[in-house]
Amino acid sequence: MSLPFKGLGKGMWITLKTLFKKPVTINYPKEKEIPVPRARGVIALDAEACTVCMLCARECPDWCIYIEGHKEEQPPAKEGGRVRTRATLDRFDIDYALCMYCGICVEVCPFDALFWSPDYEYSEAKIADMLHPIERLTEWLETVPDAPPLEGS
Amino acid sequence: MIAPLLGLEINFWLLLVVKMGLIAGVISGAALVAIYGELKISAHMQSRIGPYFAGGRFGWAQPIADGVKFFQKEDLMPDDADPFVYKAAPYVVLGGTVATFVIIPWGPDLSVRDLDLGLFYLLAVSSISTIGVLMAGWSSANKYSLMGGLRAAGQLIAYELPLVLAAVGVAIQAGTMSLGGIVEAQTQAVWTIGSVDIALPYVLGGQLIGFVIFITASLAELSRTPFDMPIAESELVSGYMTEYSGFRFAAFFLGEYAGMIALAAIASTLFLGGFWVPGVSADALQYLGPLVLAAKMGALIFLFIWMRWTFPRLREDQLQSLAWRWLIPAALLNIAVTAVFKVVL
Amino acid sequence: MTTPPEIMMHLSEAAVSVELETAEMTLNIGPQHPSTHGVLRLVAKVDGERVSEVEPVIGYMHRGYEKLTEVRTYPQITALVNRIDWVSGFANEIPFMVAAERLMGIEAPPRAQYIRLILTEMARISSHLIFASSYPLEIGAATPLMHALRERERILDLLESVTGGRFHPNFNRIGGVKPAAGAGASTKKVSQDLPAGFLDETRVAMERVVSVCDDLDGLVSGNEIFQARTKGVGVIPVEIAKSYGVSGPNMRASGVPFDVRKVDDYLPYDQFDFDVAVGENGDCWDRYQVRLEEIRQAARIISQAIDSMPSGELQAKVPRIIKVPKGQVYVRAENPKGEMGYFVVSEGGRIPYRVKIRTASFSNLTILQWILKGILIPDIIAILGSLDFVLGDVDR
């Protein structure tokens, strides 16, 4: 009975060996996997650095970033100089129900106001709650990790 | 039977009700253990953990949770389905399987009823499930279920014959058709070395081919991989069970695992010696017998689970040719050789 | 048309044939079906279990890619395009990037090309491991699924550690790969070069991938039941394969030793030593074996590339706002599913005028009507699985 069914027996041996090895899955949510630092989980905003240049909203393939701002006047730098204007952010919303997690907005921002964070646990029961306003985006800043060391450094 | 064990005189009908309750409990309990075993063993064979949350670290309450879930589901029936046939089908399947538990001997005098025609009754009753499968497939008003039901009809009928013929070989060697008698025949000494009698269970005592044929035919009767064409999850979703949900599906599910337990018990009785272990007296076997039989059944059920999760499935024409062209001639040859040895020796 | 060999085989097995009046049934396989790899609908006319003809209906997943590209800039299209064949995400971006670079007349620096090549071969391993796991599942074996996916997780983790995404890396840029996150005059530019430990982990991952191929050989290829289900089933003769436009491993299994990687130079494959896996008969068994062999060859290429990785920049010098000059070009590449090509017409400007996407699975599926005649229903499932298509690739 062995030689004609050698293939079947070998398959059963492999399955039996795997039976006694440690499993590779973990039990979420009691144990969690830690994603790598570069993982694209959520986008965080540094509102102080933003100058309302609208580049991120323009370059987004899905047009899921909603920005509104206005210009405020500030006193001149020295006496008799020109009145300076500063653009201030009114509204900066990212709609994560539309977001593709492509990262173009983070990449084109000239002022480093957007950062990637590997945090991924922000599911909601209602789709409207997936629109993250300025306050929530600023909260994600704490989860932004340091850049990982590079190969050869 | 149990009455001399307890030393009491019990009314026949009361005893009957008690036995029915015991069997129902045994079937449910054993089915739950088998389901849990299948979930855990298949999970570890695939490098994953399996049930984990229900009931704490090991997930032992998972089958119970599944049972409760099935009970509280909505009762659905397709509009075009034939109502009476649709509703009756799961119970026909379940009934045929449960009826085979009557004659299984758990100890020297511990069976519900040790019929003289035990083997004959067993094989006759186990084919009632085939009709239930056909009923389910036809009445579901679904082309996929129909195909699953027809495939099942062909397969189950084709594999009845090797099952029966393999069991006939055992009956010839034992000289009796009652299961208790078959176990007793396996306790007879085959050789005597010095003053020690060596008795062999039939799997080693000349019925090895019969054992292999019986196991293969049992897998096909249960519609388990590698013979699960009727269910064929990747083609027919669930075959003849597709349109069933809730309690009716639970009845099919229970029927499948009860059938697995029943056939494992019968195979252990016919070929592995049943409740008997060499070197233990008959009195101790009154208490140890069920445990021994459970251990042997456990080994066979592990084999069934192991084969299910390793092998792909055979196409139905390959399946039919395996049955008609290989298993039946081999079983007939087995009978002929057994009969010759029985007469000559 | 000559009778395909499998019909001869089935006819010879019918020892006794009885003339019965049987009616043909129209069976709808899909669009929601466990084995059609997406939303593919097959309208099959069956007589009992034997199929007489099949009509495939596609388009359930059409997302309008070519229309989307008419209003998006090149970086935006790159982000969208890796969702066409979502199983091998990185490989979809490559021909498009090479097309844009050829129109602009620039070439990516060597380090960027090596990184592109390594990630493309990883995408190939990833796609073939998905095939190696789901094909035995459709034949009935449930365990190889988990074994193959266990090793695929390593590849996806490697992809994630470099690019940030497991399935949709979005790592290609015109002129190379993504050099940094943050741009312009920022002082906090974070280089997106390979992270520390990547090369060692890749070596380990390649060893594990080759060892799981050996495991799959023992568990699946050596299995007599699997061989009986796949040998001689779904034979595609060489002439039919060529005339229907079948490409990739399907064509190589029929005996044609053609591989775009050896012919075109969209990536520096000529610097590496690898064999092209070719089959003999063109049945399902050969298609399975060709893909397993391609996993081994891809692991070989990656090992060579890691050992000889040049240093340098990650992207050529390109202006901030990229305007591609006027012209048109067609670039094809060897994707895991077959041959993928992009025909880009540019009128000068940030947005292309027209992008036509030639996908492998669309052409591979045209053979279905020819091949699915006179076979049994389980064979339909076996053949569909062995062609290894994804509906996103078919419908775009």
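About the thresholds
Residues numbered from 1 in each chain as written. Chains lettered and ligands numbered in written order. Predicted model: local features only at pLDDT ≥ 70, side-chain atom pairs only at ≥ 80, totals over all residues. Heavy atoms only, no water. Phe/Tyr/Trp six-rings, centres within 6.5 Å; stacked < 30°, edge-to-face > 60°. Helix = DSSP H or I, 4+ residues; strand = E, 2+ residues; numbered from the N terminus. Buried < 20%, exposed > 50% of the residue type's maximum accessible area, 1.4 Å probe, protein only. Lys NZ or Arg CZ within 6 Å of the ring centre and 35° of its normal. Contact = heavy atoms within 4.5 Å. Buried area = accessible area lost by both parts, 1.4 Å probe. Salt bridge = Lys/Arg side-chain N within 4 Å of Asp/Glu carboxyl O. Polar contact = N/O pair within 3.5 Å; in protein donor to acceptor, adjacent residues only side chain to side chain. Nonpolar A, V, L, I, M, F, W, Y, C, P; charged D, E, K, R; others polar. Pairing = 2+ DSSP bridges. Axes fitted to C-alpha atoms, helices over the stretch in contact; angles between N-to-C directions. pLDDT = per-residue confidence, 0-100.

Caption draft 1: Spatial organisation of the packing of aromatic side chains. In this structure the tally under the stated criterion is 27 aromatic pairs over all chains. An angle of 5° between the planes, with centres 4.4 Å apart, marks the rings of Y86(B) and Y244(B) as stacked. Of this pair, Y86(B) sits in helix α4 (residues 83-98) while Y244(B) is found in the loop between α10 (233-236) and α11 (247-272), placing the two residues 158 residues apart along the sequence. A single burial state applies to Y86(B) and to Y244(B), both of which are buried. Here the aromatic cluster, defined as three or more aromatic residues joined through ring pairs, consists of Y96(A), Y101(A), W116(A), Y122(A) and W140(A). The ring of W285(C) has K231(C) lying over it, and the distance from NZ or CZ to the ring centre is 4.8 Å. The ring of F131(C) is capped by R291(C), whose NZ or CZ atom sits 4.6 Å from the centre of that ring.

Caption draft 2: The interface of chain C and chain A, seen in detail. Opposite the 48 residues of chain C that make contact, chain A presents 35 residues. Taken over both partners, the interface formed by chain C and chain A buries close to 3,300 Å², and the fraction arising from carbon and sulfur atoms is 51%. Our count for the chain C to chain A interface comes out at two salt bridges. Counting the contacts that link chain C with chain A gives 13 residue pairs in polar contact (both at pLDDT 80 or more). Where the side of chain C that touches chain A is concerned, the elements lending two or more residues are α3 (74-81), α6 (143-163), β7 (190-191), α7 (198-221) and α8 (224-230) of chain C. By residue number, the principal contributor to the side of chain C that touches chain A is α6(C), which donates seven residues. Broken down by class, the residue content of the side of chain C that touches chain A amounts to 16 nonpolar, 19 polar and 13 charged.

Caption draft 3: Geometry of unusual backbone geometry. Of note in the backbone geometry, M54(A) takes a positive phi value of approximately 70° without being a glycine. We classify M54(A) as partly exposed; its relative accessible area is 32%. Despite not being glycine, D388(C) has its phi angle at roughly 50°, a positive value. In this fold, D388(C) is placed in the loop between α15 (377-387) and α16 (391-395). Classification of D388(C) as buried rests on a relative accessible area of 5%.

Caption draft 4: A look at the sheet that holds strand β1 (residues 25-29) of chain C. Residues and elements named next belong to chain C. An order of β1-β2-β3 is seen for the three strands of this open sheet, with the pairing classed as antiparallel. Strand pairing shows two members of the sheet lacking a second neighbour, β1 and β3 (50-57), which therefore form its edges. Averaged over all pairs of adjacent strands, the angle between their axes in this sheet comes to 25°, without regard to strand direction. As judged from the five bridges shared by β1 and strand β2 (residues 41-47), these two strands associate in the antiparallel manner. In the strand pairing of β2, M25 is matched with V46.

Caption draft 5: Representation of the confidence of the model for chain C within the structure. Residues and elements named next belong to chain C. Summing up the model confidence of chain C, the mean pLDDT is 84 and the portion of residues at 70 or higher is 92%. Helix α1 (residues 5-13) is the least confidently modelled element of chain C, averaging 51 in pLDDT, while strand β10 (residues 354-358) averages 92, the highest of any element. Contacts from residues 183-187, a stretch scored under 50 in pLDDT, to residues over four places away or in other chains number nine contacts. Note on the complex model: pTM 0.86, ipTM 0.83.

Caption draft 6: Here's a closer look at the sheet that holds β10(C). Residues and elements named next belong to chain C. In space, the three strands of this open sheet follow the order β8-β9-β10, with antiparallel pairing throughout. Strand pairing shows two members of the sheet lacking a second neighbour, β8 (327-335) and β10, which therefore form its edges. Between one strand axis and the next, the sheet turns by 10° as a mean value, whatever way the strands run. In this sheet, β10 lies alongside strand β9 (residues 338-346) in antiparallel orientation, the contact comprising five bridges. Looking at the pairing, F343 lines up with K356 of β10.

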